[in-house]
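What follows is the residue order along each chain.
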Amino acid sequence: MVFLVLRQQSTTIQALVQVEPVLVSRKMVYFAEHMHAESIVLVEGTVQKPIDLVKSCTVQDAEIKVAKVRFLVWGRGDGGS
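Rules of the game
Residues numbered from 1 in each chain as written. Predicted model: local features only at pLDDT ≥ 70, side-chain atom pairs only at ≥ 80, totals over all residues. Heavy atoms only, no water. Helix = DSSP H or I, 4+ residues; strand = E, 2+ residues; numbered from the N terminus. Buried < 20%, exposed > 50% of the residue type's maximum accessible area, 1.4 Å probe, protein only. Contact = heavy atoms within 4.5 Å. Areas by Shrake-Rupley, 256 points an atom, 1.4 Å probe, with all protein chains shown as cover. Lys, Arg positive; Asp, Glu negative; His and termini not counted. Charge placed at Lys NZ, Arg CZ, Asp CG, Glu CD. Phe/Tyr/Trp six-rings, centres within 6.5 Å; stacked < 30°, edge-to-face > 60°.

**Q** Give me the lowdown on the overall build of the protein, citing residues and values where you can.
**A** Of the regular secondary structure elements, the protein holds one helix and four strands. For the protein, the N- to C-terminal ordering of α and β elements is β-β-α-β-β. Principal axes of the C-alpha set define a box for the protein whose edges measure 30 × 30 × 20 Å. For the protein, the residues scored as buried account for 31% of the 81 residues in total. Pairs at least 24 residues apart make up 61% of the contacts formed inside the protein by residues separated by at least 6 positions. For the protein, the accessible area works out to roughly 5900 Å², and carbon and sulfur atoms hold 55% of it. Between the averaged position of the 9 positive side-chain charges in the protein and that of its 8 negative side-chain charges there is a distance of 4 Å.

Next comes the structure, spelled out in structure tokens:
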């Protein structure tokens, strides 16, 4: 399971990537975990209520459960994982 912070302009939201049979593979979770900061991605998923408020994002009462992620531009790798 991997948590990501997605940003569009000044708004941030938490995204959850976890293995789901048929939908999300271990390989996809691995790539999400090793994605560089400031990568540009296209994400598909469902908005859900998190167990606890997400204090590290501007959207605190919702998160995205990721079903698909496509990397459009790989980030530079400085300042991130």
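**Q** Kindly report on the packing of aromatic side chains, identifying the contributing residues and their values.
**A** All told, the structure shown has two aromatic pairs when counted by the stated rule. Seen in terms of ring centroids, Tyr30 and Phe31 are 5.9 Å apart; in terms of plane orientation they differ by 75 degrees. Their pairing is edge-to-face. The class of Phe31 is partly exposed, set by a relative accessible area of 39%. With a centroid separation of 5.1 Å and an interplanar angle of 55 degrees, the aromatic rings of Phe71 and Trp74 are classed as tilted. Residue classification places Phe71 among the partly exposed positions, given a relative accessible area of 29%. For Trp74, a relative accessible area of 40% puts it in the partly exposed group.

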